[in-house]
Amino acid sequence: MSGNDHGAGGRINTTAAMLAHMAPCRDTTPEQLAQLIDVHLGELREEEPNWTLAVSKVAGRGVFATRDIAAGELIFRERALVVGPTARKGQLSTCVCCHRLLPTQGFLCKQRCTLPVCEACSGSAAHRAECEHFRRWQPKDADAEEEQVNPLSLRILTAVRVFHLGKEQRHLVDAMQANAERGFRQEIIKAAQCFRNFPTTDKPFMDQLFRIVGVLNTNAFEAPCRTDGRETLLRGLFPLTAIMNHECTPNASHYFDNGRLAIVRAARDIPKGGEITTTYTKILWGNLTRGIFLKMTKHFMCDCTRCNDNTENGTYLSALFCREQGCRGLVIPVQTRTLQPDWRCLTCENVFPHAKMARYQDFALNTINNRINSCSVPDMIHFINDLCPRFCPPSNYVLIEAKLNVIWRMTRFDTDQYTPEEVAHKDRYREDILAIIHKLGAGECTLKKLITEEIQ
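Everything numeric here is computed off the predicted structure, so don't read it as measured data.

Asks: Would you mind going over the environment of L399 with me for this structure?
Replies: Structurally, the position occupied by L399 is in helix α14 (residues 397-412). Sequence separation between L399 and Q111 is 288 residues, and the spatial gap between their C-alpha atoms is 48 Å. Not counting residues up to four positions away in its chain, the partners in contact with L399 are I368, I384, C388, C392, P393 and P394.

Asks: Sorry, what's going on with the environment of R128 here?
Replies: By the element assignment, R128 lies in helix α4 (residues 125-137). A C-alpha to C-alpha distance of 20 Å links R128 and Q169, two positions 41 residues apart in sequence.

Asks: How should the pattern of salt bridges be read in this particular structure?
Replies: Between side chains of opposite charge, a pair can form when the charged atoms approach closely. With the rule as written, the count across this model stands at 20 salt bridges. Across the salt bridge formed by D143 and R112, the nearest N and O atoms sit 2.7 Å from each other. Of the two residues, D143 sits in the loop between α4 and α5 (151-155) while R112 sits in the loop between β4 (82-85) and α3 (119-122), which places them 31 residues apart along the sequence. Put simply, E231 and R226 hold a salt bridge, and the shortest N to O gap is 3.8 Å. You can call E231 partly exposed: its relative accessible area is 29%. Residue R226 is classed as partly exposed on the basis of its relative accessible area, which comes to 45%. Here the residues in one salt-bridge network are R112, D143 and R196, joined through shared partners.

Asks: When you look at the sheet that holds strand β1 (residues 51-55) in this model, what are you seeing that I'm missing?
Replies: Strands belonging to one sheet form pairs held by backbone hydrogen bonds; the direction of such a pair is parallel or antiparallel. Ordered by their spatial adjacency, four strands build an open sheet running β1-β2-β10-β7, and the pairing between neighbours is mixed. The open sheet has two edge strands, β1 and β7 (245-246), and neither has a second partner. In terms of strand pairing, β1 meets strand β2 (residues 61-65) through five bridges, oriented antiparallel. Pairing of L53 across the sheet is with V63, part of β2.

Cut-offs and rules
Residues numbered from 1 in each chain as written. Predicted model: local features only at pLDDT ≥ 70, side-chain atom pairs only at ≥ 80, totals over all residues. Heavy atoms only, no water. Helix = DSSP H or I, 4+ residues; strand = E, 2+ residues; numbered from the N terminus. Contact = heavy atoms within 4.5 Å. Salt bridge = Lys/Arg side-chain N within 4 Å of Asp/Glu carboxyl O. Buried < 20%, exposed > 50% of the residue type's maximum accessible area, 1.4 Å probe, protein only. Pairing = 2+ DSSP bridges.

Take a look at the structure:
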């Protein structure tokens, strides 16, 4: 950040200073946006990139190939513009700067800003500005007898960090698209109640804060970071990665290097002029689940080829068992691109209302999730192999998620602790998932690379 952006002592200490250079640029042209992206990428920008920004028929702006791009080829790398904690349950006891696990006592900032920070980072330049920011707002928990992290105030730390970015970086944030979701405003209102002196009557500041929170909630990614052998999810804004538009089986895939670097590669061959797409959902979710997620979080209904095929390239990821007596056929949604379709059995051809099938789907989801959260790996394997087939088809995405869970858990720990039979089950689960990825036409996607351990 330029020294001209600061008040006395090189620190931002007034609302007016925080709002300096934050003039709206929401009607930014692709050319202007490209210039901001180039500055953001810095030395990571290739001399002759194989991508460009242009107007997209899918949604506003997009990323397009400037030449033919082969499957597996690097498209770009991008550092996070801003990073912060997710404030998720189970992710509260890590330092907001270095992300190390904190001790059970004495883990809050000694300056009483109430942010969880390790002793080494508490006096660092990285923490100083946000510490002063929070203390100026006077956290109500600062006087609490018992130390605890407030997830409501912790959640807005990433937005606060945006105010401390440089001029062009802040222009880039303001140039990004943001959904005007009522829940985003509630997030700020709840956070404001954690402080005695939150500037709720300062309309320009609050408008800008609402805008920043909208940008983050629309565009930020949860990126895994490993510190001292422990994984933490970070909330990172990667603007170029976020500009890529969604497709349920995209032609590009992204993954993160230690929470702060996004790497995007072609999953399939991409022709010159083709739009480079990513996915905003999990690639193995069924049509209905993806549709609900996109509608609730991104406020659109996808119209890609996969969403218009109720078999999903013959993977039957949404399929459930028929409940007619004597029939164990697969039941799949009849209509596509609707959140409450009728369902039809492929064997007996009976049609069932969505409400009935949704209950069965919820039962399967809850049953499997409860097991994932409570079972050991051997118990999970027994559950998948012996119990799940009684109520869930082998193709259903929630059972696939259970198999993925076993793969992740067995991969992260020393395989010597598992029996050869358990390892064989893991390998079979991997082959099952790879077969589905192949049927979907997902190519060299990140999930494929992860479960074959090509990337860590």
